[in-house]
Amino acid sequence: MKKIWSVFLVAAILAGCQQDNRTTDEKFIDALKKGLSDRWELADLDKDAEETTETFESYVNAELNQIKQYKDADFEDPDLQTAADAYIASLEHTLEITPTLDKDSNKFYELYSPVYSERGEALLQINEISPLEMANQEDQKELEELLDDAEITKAATDLASQIDFKVVKEDSDEDMGWYSADLEAKVKNHTRYTFDYFNVTANIIDADGTVITQGYTSVNAWKPDQTQTFKLYSDKKFNNVELAKVDYMIADNGFIGEVYFK
């Protein structure tokens with residue numbers, strides 16, 4: 001009887017030692033790091049192969065398999081819960097558009113651009129709440145590059161959101177059937193980055209919501225705290241202007257990026 005009791009006691013002690021006492025917040029952070037590491041390991045194995053729907057889905061699922069259980073979970077920190085849900089949602093959204101990759105890679109990256117921005121912004125928020133430290137130096141370098149990219153993309157997206165074109169000059173002659181309008185948007189670079197160039201493609205839209213033409217405008221050597229003027233011209237009467245895309249290059253490190261707008 002003493003022997004049996006001893007066996008049960010040892011088993012109980014071992015079970016107690018193996019009990020996971022981490023909070024949901026801590027479990028999510030560890031799972032997130034594991035998912036990132038798994039994704040990068042897969043991508044490294046495929047680095048010389050052509051990117052396809054199948055391979056891209058495998059990268060995304062490498063992360064989701066680790067963290068999807070934390071969707072709508074009960075976190076201690078509500079801000080972390082919000083950021084975690086946003087991150088998971090960005091991966092789920094990515095899976096919705098990955099079938100496009102095999103059909104039209106250009107269209108895929110156009111669709112993926114805003115989703116990538118969402119993922120990056122969520123990761124920045126997570127890292128601000130709970131700084132991520134990867135298990136090895138190689139993964140830590142990958143993480144830092146991803147965060148740097150996300151910070152630049154967020155800065156460029158925030159700047160683009162301030163571009164609001166206003167008509168500064170308008171002429172027309174209904175009898176002759178011609179129209180012209182000059183538009184401007186003055187924007188201050190509130191970021192810490194100097195943009196070697198910042199190009200804007202805008203949709204010029206009529207009252208029915210139809211894109212009647214596209215306009216293109218650009219500024220160069222855009223320094224922090226400097227205000228620059230974006231200029232557009234339209235020879236068609238329009239109702240409003242919406243951004244379609246911005247592409248840019250950071251002067252300090254040569255980082256080239258683009259952001260498509262829905």
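Residues numbered from 1 in each chain as written. Predicted model: local features only at pLDDT ≥ 70, side-chain atom pairs only at ≥ 80, totals over all residues. Heavy atoms only, no water.

Student: Now, about the sheet that holds strand β1 (residues 166–173): what can you tell me, with residues and values included?
Tutor: Backbone-to-backbone hydrogen bonds join strands into a sheet, with any given pair of strands oriented parallel or antiparallel. The antiparallel open sheet is built from 3 strands, whose spatial order is β1-β2-β5. The open sheet has two edge strands with one neighbour each: β1 and β5 (227–234). Each adjacent strand pair in this sheet contributes to an overall mean axis angle of 10 degrees, direction not counted. Strand direction decides the pairing type here: β1 and strand β2 (residues 178–188), joined by 7 bridges, are antiparallel. The residue bridging Ser172 from the neighbouring strand is Tyr179, located in β2. (Pairing = 2+ DSSP bridges. Helix = DSSP H or I, 4+ residues; strand = E, 2+ residues; numbered from the N terminus. Axes fitted to C-alpha atoms, helices over the stretch in contact; angles between N-to-C directions.)

Student: With reference to specific residues and values, describe the pattern of salt bridges.
Tutor: For the structure on display, the rule yields 14 salt bridges. Here Asp30 makes a salt bridge to Arg22, at a shortest N to O gap of 2.7 Å. On the basis of relative accessible area, Asp30 is assigned to the partly exposed category, the value being 32%. Residue Arg22 is classed as partly exposed on the basis of its relative accessible area of 35%. Residues Arg192 and Glu151 are paired through a salt bridge, measuring 3.0 Å at the closest nitrogen-oxygen approach. With Arg192 in the loop between β2 and β3 (195–205) and Glu151 in helix α7 (residues 137–160), this pair connects stretches of sequence that are 41 residues apart. (Salt bridge = Lys/Arg side-chain N within 4 Å of Asp/Glu carboxyl O. Buried < 20%, exposed > 50% of the residue type's maximum accessible area, 1.4 Å probe, protein only.)

Student: How would you explain the packing of helix α2 (residues 24–45) against α7 if you had to name every residue and give the values?
Tutor: Where α2 meets α7, the axes come as close as 11 Å, and the angle between the chain directions of the two elements is 100 degrees. Judged by the inter-axis angle, α2 sits roughly perpendicular to α7. In this structure, α2 contributes Leu36, Ser37 and Trp40 to the contact, and α7 contributes Asp139, Glu142, Leu143 and Leu146. Grouping the amino acids of the contact of α2 with α7 by side-chain chemistry returns 4 nonpolar, 1 polar and 2 charged. (Parallel < 35°, antiparallel > 145°, perpendicular 65-115°, else oblique. Contact = heavy atoms within 4.5 Å. Nonpolar A, V, L, I, M, F, W, Y, C, P; charged D, E, K, R; others polar.)

Student: Before we move on, could you go through the sheet that holds strand β6 (residues 240–250) and cite the residues and values that matter?
Tutor: Read from one edge to the other, the open sheet built from 4 strands follows the order β4-β3-β6-β7, with strand pairing classed as antiparallel. Looking along the sheet, the strands with just one partner apiece sit at the ends: β4 (211–222) and β7 (256–260). Between one strand axis and the next, the sheet turns through 15 degrees on average, direction left out of account. For β3 and β6, the ladder comprises 10 bridges, and the chain directions are antiparallel. The residue bridging Thr201 from the neighbouring strand is Lys245, located in β6.

Student: Lay out the layout of surface pockets in plain terms, naming residues and giving numbers.
Tutor: The rolling of a water-molecule-sized probe over the atoms marks out the regions of remaining empty space. One number sums up the size of the largest pocket: a volume of about 360 Å³. Looking at the largest pocket, it is lined by 16 residues, and the ones nearest its centre are Arg39, Trp40, Tyr112, Tyr116 and Arg119. Mapped by element, the contributors of at least two residues to the lining of the largest pocket are α2, α3 (53–67), α6 (105–129) and α7. Estimates place the volume of the second largest pocket at around 230 Å³. Taken together, Tyr109, Tyr112, Ser113, Tyr116, Ser117, Asp149, Thr153, Tyr248, Phe255, Ile256, Gly257 and Glu258 make up the lining of the second largest pocket. For the lining of the second largest pocket, a count of residues per class yields 6 nonpolar, 4 polar and 2 charged. (1 Å grid on protein atoms, 1.4 Å probe; cavity = no way out; pocket = protein on both sides within 12 Å on 5 of 7 lines; lining within 4 Å. Points joined across faces, edges and corners; volume = space filled by probe spheres on them.)

Student: Account for the environment of Leu146, with residues named and values stated.
Tutor: Position of Leu146 relative to the elements: it lies in helix α7. By relative accessible area, Leu146 is classed as buried at 12%. Those residues in contact with Leu146, other than ones at most four positions away along the chain, are Leu36, Trp40, Tyr116, Arg119 and Leu123.

Such coordinate-based values are descriptive only and should not be taken to indicate function.
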